[in-house]
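Single-letter residue listing:
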Amino acid sequence: MDSFVFNTVASIVSGAGSALELAGQCESLGIKRPLLVTDPGLVAIGLIEPVRTALAGGDVEPVMFDQVREDPPEHIVLQAVQLGVDRQVDGVIAVGGGSSMDVAKVAAVLLGGDQSLDQLYGVDQVVGGRLPLILVPTTAGTGSEVTPVAVITTGETTKAGVSSKILLPDVAVLDADLTLGLPPAITAMTGVDAMVHAVEAYTSRHKKNPLSDNLARQALQLLATSIRAAVHDGGNREARSNMLLGALLAGQAFANAPVAAVHALAYPLGGHYHIPHGLSNSLVLPSVLELNAASASDLYAELAEIVVGETVVGSNEAKTAALINALRQLIDDVSLPATLREAKVAESDLEMLARDAMLQQRLLINNPRDVNYEDALSIYTAAY
Ligand SMILES: NC(=O)c1ccc[n+]([C@@H]2O[C@H](COP(=O)([O-])OP(=O)(O)OC[C@H]3O[C@@H](n4cnc5c(N)ncnc54)[C@H](O)[C@@H]3O)[C@@H](O)[C@H]2O)c1
Ligand SMILES: [Fe+2]
């Protein structure tokens, strides 16, 4: 077996209502006054108040930062840090989607060390420590609660990643009750994002490993069997907790066996059209898999039955085709647009998008086959 490295979060707490018991986690981590990072939408629907009240009832004094935006820009991170400095917080908690969790991760580093934001971008650039950090996802998608990555928007159309083991939180808390009101479209997009994490981890070229493989398979099983119910019957607790666990497992998988061309081709769509991350992935997923099919059919074949949901017979090529068909069907079943045209992407932009995708070499090197500019253009054209 090839050698491999696998890192993950030291502590994962899962259970309905566990977000109301954060005071206990704070006590074990020595947190008395945490920065509570979230977004205004979650405050408006009343999701945060019970968490805040429960913390206060447990002798913890949360300092609310509720200004996170989707695809959070740098100034939001800096605003959160400034509030943390002013109020002398001693820990950071995020309750929210990937956007809130990513802001919290970077804020915990900036508040706990003496680096500037600019110095953090890239791989292993974080030196020193961070404040104690607890992450509580409210979407079942990014897996950010167990990844060493934070994605920050740095310009009009550009994002940059901070990647360091130090960003893994002390505790990830899964409370599916928080996701019961997640609207159908967001459930669908974030759920497909998590499925893409599992698929891309499973075929990751350099760091594929037995632990990520197992996690990816189990993640895909949970996500593929529950996403329809979670989208169309949001109050279904079992489906919601399967989705949340599936997203975490997929996060653990891709944190150690990184994602590839689906994400590389999705990023320019987010950058130029502000298409949400999960939908961007969903739009290019079938076409990327078709391009990869000849190089990865043995691995895709292993995933086919999990997604199809029944025995698939035939060659690896036939199983790969069945996997891609099942994914197309699933995208349709959860009511996501299937083509770039439906997502209002201009056909005249495809070449620009393909050029931009080529900038994502960090991701493209993980793809089971090389992807050049012509390949990227053919994927966008097929997805149009
Ligand atoms: N760190 C990582 O490993 C990683 C991986 C993939 C993506 N990302 C980043 O994560 C971000 C996307 O995160 P996301 O997809 O989780 O969405 P998000 O955090 O941007 O939230 C999307 C919307 O969903 C709403 N929402 C969230 N939870 C809700 C709930 N329970 N009920 C009702 N509404 C709810 C929010 O208010 C927001 O309007 C992007 O910035 C992306 O780049 C990070
Ligand atoms: Fe993703």
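Data block above holds the structure.
Cut-off values and rules
Residues numbered from 1 in each chain as written. Chains lettered and ligands numbered in written order. Predicted model: local features only at pLDDT ≥ 70, side-chain atom pairs only at ≥ 80, totals over all residues. Heavy atoms only, no water. Near = heavy atom within 4 Å. Polar contact = N/O pair within 3.5 Å; in protein donor to acceptor, adjacent residues only side chain to side chain. Areas by Shrake-Rupley, 256 points an atom, 1.4 Å probe, with all protein chains shown as cover. Pairing = 2+ DSSP bridges. Helix = DSSP H or I, 4+ residues; strand = E, 2+ residues; numbered from the N terminus. Axes fitted to C-alpha atoms, helices over the stretch in contact; angles between N-to-C directions. Contact = heavy atoms within 4.5 Å. Donors = N, O, S within 2.8 Å, 3.2 Å for Na, K, Ca; no water. Tetrahedral: all angles 85-135°; square planar, octahedral: opposite > 155°, others 65-115°. Buried < 20%, exposed > 50% of the residue type's maximum accessible area, 1.4 Å probe, protein only. Parallel < 35°, antiparallel > 145°, perpendicular 65-115°, else oblique. Left-handed = near helix turned anticlockwise from the far one by under 90°. Nonpolar A, V, L, I, M, F, W, Y, C, P; charged D, E, K, R; others polar. Core = buried A, V, L, I, M, F, W, Y, C linked by side-chain atoms within 4.5 Å. Phe/Tyr/Trp six-rings, centres within 6.5 Å; stacked < 30°, edge-to-face > 60°. Lys NZ or Arg CZ within 6 Å of the ring centre and 35° of its normal.

(A) Region of the structure containing the site of ligand 1. In the region of ligand 1, 28 residues are neighbours, and Gly 98, Ser 99, Thr 138, Thr 139 and Thr 147 sit closest. The separation between an oxygen atom of ligand 1 and a polar side-chain atom of Asp 71 is 3.2 Å. A distance of 2.9 Å is found between a nitrogen atom of ligand 1 and a backbone nitrogen or oxygen belonging to Leu 178. Compared with its free state, where it exposes 870 Å², ligand 1 has 91% of that area covered by protein.

(B) The arrangement of the sheet that holds strand β3 (residues 63–65) in detail. Spatial strand order, β1-β9-β6-β4-β2-β3: 6 strands in an open sheet with parallel pairing. The sheet is open, and its two borders are formed by β1 (11–14) and β3, each paired with just one other strand. Taking each pair of neighbouring strands and ignoring which way they run, the sheet shows an average axis angle of 20°. Strand direction decides the pairing type here: strand β4 (residues 91–96) and strand β6 (residues 133–137), joined by 5 bridges, are parallel. Across the sheet, the residue bridging to Val 92 is Leu 133, located in β6. Sitting on the sheet, helix α1 (residues 22–29) is in contact with β1, β4, β6 and β9 (171–174), with an inclination near 160° to β6.

(C) Examining the coordination of the iron ion (ligand 2) more closely. Bound to the iron ion (ligand 2) on the protein side are Asp 193 (OD), His 197 (NE2), His 263 (NE2) and His 277 (NE2), at distances that span 2.1 to 2.2 Å. Coordination at the iron ion (ligand 2) is irregular, judged from the 4 donor atoms that bind it and the angles of 85 to 163° they form at the metal. Judged by its relative accessible area of 2%, His 263 is buried.

(D) View of the packing of α1 against helix α3 (residues 49–57). Across the interface, α1 lies against α3 with an axial gap of 8 Å and an inter-helix angle of 50°. In terms of orientation, α1 lies oblique with respect to α3. Along this stretch, α1 crosses α3, giving a crossing that reads as right-handed. Mapping the contact onto sequence places Leu 22, Ala 23 and Cys 26 in α1 and Val 51, Ala 54 and Leu 55 in α3.

(E) Spatial organisation of the packing of helix α9 (residues 261–273) against helix α14 (residues 373–383). At a closest axis distance of 11 Å, the pairing of α9 and α14 adopts a crossing angle of 65°. The angle between α9 and α14 places the two elements in the roughly perpendicular class. Where α9 crosses over α14, the handedness of that crossing is right-handed. Residue-level inspection shows Leu 265, Pro 268 and Leu 269 of α9 in contact with α14, the latter providing Ala 376, Ile 379 and Tyr 380. Grouping the constituent residues of the contact of α9 with α14 by class yields 6 nonpolar, no polar and no charged.

(F) Fine view of the nonpolar core. Ranked by internal contacts, the top residues of the largest apolar core, which has 85 residues, are Leu 265, Leu 289, Leu 340 and Tyr 380. Examining the composition of this core, we find that 14 residues originate from one element, helix α10 (residues 277–308), more than from any other. Core analysis: the second largest hydrophobic core is formed by 33 residues, Val 37, Val 77, Leu 120 and Ala 150 among them.

(G) Here's a closer look at the packing of aromatic side chains. A full pass over the atoms with the stated rule returns 0 aromatic pairs. Across the ring face of Tyr 202, the terminal group of Lys 208 is positioned such that the distance to the ring centre comes to 3.8 Å.

(H) Geometry of the sheet that holds strand β7 (residues 149–153). Taken in spatial order, the 3 strands make up an open sheet running β5-β8-β7, and their pairing is mixed. At either margin of the open sheet sits one strand with a lone partner, and together these are β5 (122–123) and β7. Along the sheet, helix α5 (residues 98–112) makes contact with β7 and β8 (159–163), crossing β7 at roughly 105°.

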